[in-house]
Amino acid sequence: MSYPYKIGSKEAYQAAWKRSVEDPEGFWADVAGNFDWKKRWDKVLDWNFTEPNVKWFVGGKLNVTENCLDRHLVERGDEAAIIWEPNNPKEQYRTLSYTELHAEVCRFANVLKNNGVRKGDRVCIYMGMVPELAIAVLACARIGAIHSVIFGGFSAKSIADRLVDAQAEYIVTADGAYRGAKDIPLKSVIDDALDQVDIVKKVIVLLRTKTPVSMIKNRDVWWADEMARADAACPAEVMDAEDPLFILYTSGSTGKPKGVVHSSGGYMVYAAYSFVNVFQYEPAQIHFCTADIGWITGHSYIVYGPLCAGATVMMFEGIPTWPDAGRFWDIVDKHKVNILYTAPTAIRSLMAYGTEWVDKHDLSSLRILGSVGEPINEEAWHWFDKHVGKGKCPIVDTWWQTETGGIMISNLAGVTPAKPSFATLPLPGVQPVLMDEKGNEIEGNDVSGNLCIKFPWPSIIRTTYGDHERCRANYFAAYPNYYFTGDGCYMDVDGNYRITGRVDDVLNVSGHRIGTAEVENAINMHEGVVESAVVGYPHDLKGQGIYAYVIHDNTHDEELTRQDILQTVARIIGPIAKPDKIQFVKGLPKTRSGKIMRRILRKIAEGDMSNMGDTTTLLDPQVVDDIKEGKL
Ligand code: 7RM
């Protein structure tokens, strides 16, 4: 497989970026021409950012799975598409060639059809990191069903909310999932969700952990039984370039997660284009993205991008620290991984275990390293470079979002220079700008502002499922005619971008987006809680920790209440949203109009008790001192 759209030198990068701005339609038509279309598009781009209404490759017809699977069969059918490493290193790993993956996807696509799934239907997928997860995702794409993958750490309540929002009538799950020393009873969580929701018609259950499950007659069916009676051949559904490919829920500044909708054509083109360019992928290399497919990183850089490029992906079921802190390095060594794409939080946690875990393994197969999910601090960057890359592997720091579908700002490995803690430069096709408070573009270098994108790229969010106005209000209203990212950004004298973090009420905990309002809602559901305010604070491993200030009616034991609140948050959202610290307070710093002054709460959570700034607008300035005294 060759990649005519691969940019291989600094000069080519500059030329490509320039062309992408001067002639975006010509630029993207050239990239998109390298994929299999059942019908070529009539028009490359139709757009406005006011509604917003963005359409790429208008009138084009395709099926994403033909690009990810069928077109590789003749030349590289026997080569590995997925190498799967199980949670337990003593269990045999599995390799699925492109031919095998294609066969499994087609058969499972028929299973979906046999169970009533039709084009446009929403299918919720709640599974661990097993090959069947990738198979289920691709099988949906095969028949034009819209998948909505939910990360295995989310609670029954979170699942129920998402099922209702997406009006999903079908679920694919497993009895359980292995993660380190734990196993998570997935089907049982689904059953709890289904006690709250009555729209689901079928649940297809994969046997993985042999955890006892309840199987309800006429509703729940086993994966293996269904596969055994399904046909092998499944022609790919003809999809419009703008037909939705998937929904993925992500947190914003309101209490309710949004269903980000991605298209078929534009998303696919951008996922493959960014994969090949950022990682400078060469055929036969083994690409290991450690993210879960439940997050956008797994969608774009385990499934769609790499498979579309005919790459070999490493898929890992477990966690970096089990059975020991050398697990990633053991996998790299065992499977001769060439590209390792992971998160700063994982790097920091492994760093804390010491270098002996890394040094034990042969990492000489590594060529390129990547980071995603949050700003990477310099210490972690240098540790990654020195101890993992041995000073020989370019590191790509990739900035992007669920809403952008693919990597937007990053160096291209070994082609454009890296700078520790900087995502550096936009990919050709991406036009970032920094905005001031008044809504003007900030010109020049060595400046800071809010990061916006001024021109569409193919994998831009199309809508928020079932509520287009929400999409407009969230991303296209703060700065008219721009896409607003929600991130703050600094640009250095050379024009390199450094993402400094969210400027809205969204936390980034271990690379997971969590809205402060979401956590507050969950805490407030606990009996006796009168009110709460949640802020982030710097956390050595997680990047940000969650600090909750809670007003409680105080009739119970404080420590017990604390534990109960944690339990409530785990129930309502999932364990990832549990506050690291809970401080019981008598009052919250509120303005006369009733707004909580989070700035003050953030300072206290950070342990910075100095100058609280202007507190004269507070209803009761005394609460600030009370909170300071009780700081954890
Ligand atoms: C891919 C992903 C998006 C938010 C985004 C940023 C932060 C992501 C970086 C980063 C600094 C990076 N999607 N973020 N990557 N910050 N440097 N390389 O993470 O939707 O889950 O989160 O994550 O704040 O807005 S996401």
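Check the entry above for the structure.
What comes next concerns the included structure. (Residues numbered from 1 in each chain as written. Predicted model: local features only at pLDDT ≥ 70, side-chain atom pairs only at ≥ 80, totals over all residues. Heavy atoms only, no water.)

1. A word on the pairing of strand 19 (residues 368-372)
(1) Moving on: In terms of residue burial, strand 19 counts as a mostly covered element, since five of its five residues are buried.
(2) Moving on: Strand direction decides the pairing type here: strand 18 (residues 339-342) and strand 19, joined by four bridges, are parallel. Bridging from a neighbouring strand, Ile-339 pairs with Ile-368 of strand 19.
(3) Moving on: Relative to strand 20 (residues 395-398), strand 19 runs parallel, the two sharing four bridges. Directly across from Leu-369, in strand 20, lies its bridge partner Ile-395. (Buried < 20%, exposed > 50% of the residue type's maximum accessible area, 1.4 Å probe, protein only. Helix = DSSP H or I, 4+ residues; strand = E, 2+ residues; numbered from the N terminus. Pairing = 2+ DSSP bridges.)

2. As for the packing of helix 10 (residues 265-278) against helix 11 (residues 296-308)
(1) Moving on: Across the interface, helix 10 lies against helix 11 with an axial gap of 8 Å and an inter-helix angle of 90°. Comparing the axis directions of helix 10 and helix 11 gives the class roughly perpendicular. For the pair helix 10 and helix 11, the contacting residues are Tyr-267, Met-268, Ala-271, Ala-272, Ser-274 and Phe-275 in the first and His-299, Ser-300, Tyr-301, Tyr-304, Gly-305, Pro-306 and Cys-308 in the second.
(2) Moving on: Taken together, the residues of the contact of helix 10 with helix 11 break down into nine nonpolar, four polar and no charged. (Axes fitted to C-alpha atoms, helices over the stretch in contact; angles between N-to-C directions. Parallel < 35°, antiparallel > 145°, perpendicular 65-115°, else oblique. Contact = heavy atoms within 4.5 Å. Nonpolar A, V, L, I, M, F, W, Y, C, P; charged D, E, K, R; others polar.)

3. Things to note about the pairing of strand 30 (residues 581-584)
(1) Moving on: Pairing geometry for strand 29 (residues 543-552) and strand 30, over four bridges, is parallel. What sits directly across from Ala-548, in strand 30, is Ile-582.
(2) Moving on: You can see the chain leave strand 29, run along helix 18 (residues 558-572) and come back into strand 30, and the turn it takes is right-handed. (Right-handed = clockwise from strand over helix to strand, strands pointing away.)

4. Thoughts on helix 7 (residues 156-166)
(1) Moving on: Of all 11 residues making up helix 7, eight are buried, and the element is well covered by its neighbours.
(2) Moving on: Looking at the buried residues of helix 7, the elements they touch are strand 6 (122-126), strand 8 (170-174), helix 8 (186-194), strand 14 (244-250) and helix 18.
(3) Moving on: Downstream of helix 7 by a residue or two, Gln-167 has a phi angle that is positive, lying close to 50°.

5. Overview of the side chain of His-552
(1) Moving on: Turning to its location among the elements, His-552 is positioned in strand 29.
(2) Moving on: According to the relative accessible area criterion, His-552 is buried, its value standing at 8%.
(3) Moving on: Once you skip the residues sitting within four places of it in the chain, His-552 turns out to touch Glu-527, Gly-528, Val-529, Val-530, Thr-561, Phe-584 and Val-585.

6. Regarding unusual backbone geometry
Working note: non-glycine residues mostly have negative phi, and peptide bonds are mostly trans.
(1) Moving on: In this chain, Glu-51 is followed by Pro-52 through a cis amide linkage whose omega measures -5°.
(2) Moving on: Within the secondary structure, Pro-52 sits in the loop between strand 1 (43-48) and strand 2 (53-58).
(3) Moving on: In this structure, Pro-323 follows Trp-322 across a cis peptide bond, with omega equal to 0°.
(4) Moving on: Turning to its location among the elements, Pro-323 is positioned in the loop between strand 17 (312-316) and helix 12 (327-335).
(5) Moving on: The phi dihedral of Lys-210 falls on the positive side, at around 60°, and the residue is not glycine.

7. Comments concerning the side chain of Asp-191
(1) Moving on: Tracing the backbone shows Asp-191 in helix 8.
(2) Moving on: Judged by its relative accessible area of 15%, Asp-191 is buried.
(3) Moving on: Each residue touching Asp-191, except ones within four places of it in the same chain, is listed here: Ser-214, Arg-219 and Asp-220.

8. Description of helix 5 (residues 98-114)
Each turn of an α-helix holds 3.6 residues, which means side chains three or four residues apart point in the same direction.
(1) Moving on: Here helix 5 contains 17 residues, and its C-alpha end-to-end distance of 24 Å stays within 8% of the 24 Å for a straight helix at 1.5 Å per residue.
(2) Moving on: Within helix 5, the full set of buried residues consists of Tyr-98, Leu-101, His-102, Val-105, Cys-106, Phe-108, Ala-109, Asn-110, Val-111 and Leu-112.
(3) Moving on: Among the residues trailing helix 5, Gly-116 stands out with phi positive, at a value near 100°. (Expected span 1.5 Å × (residues − 1).)

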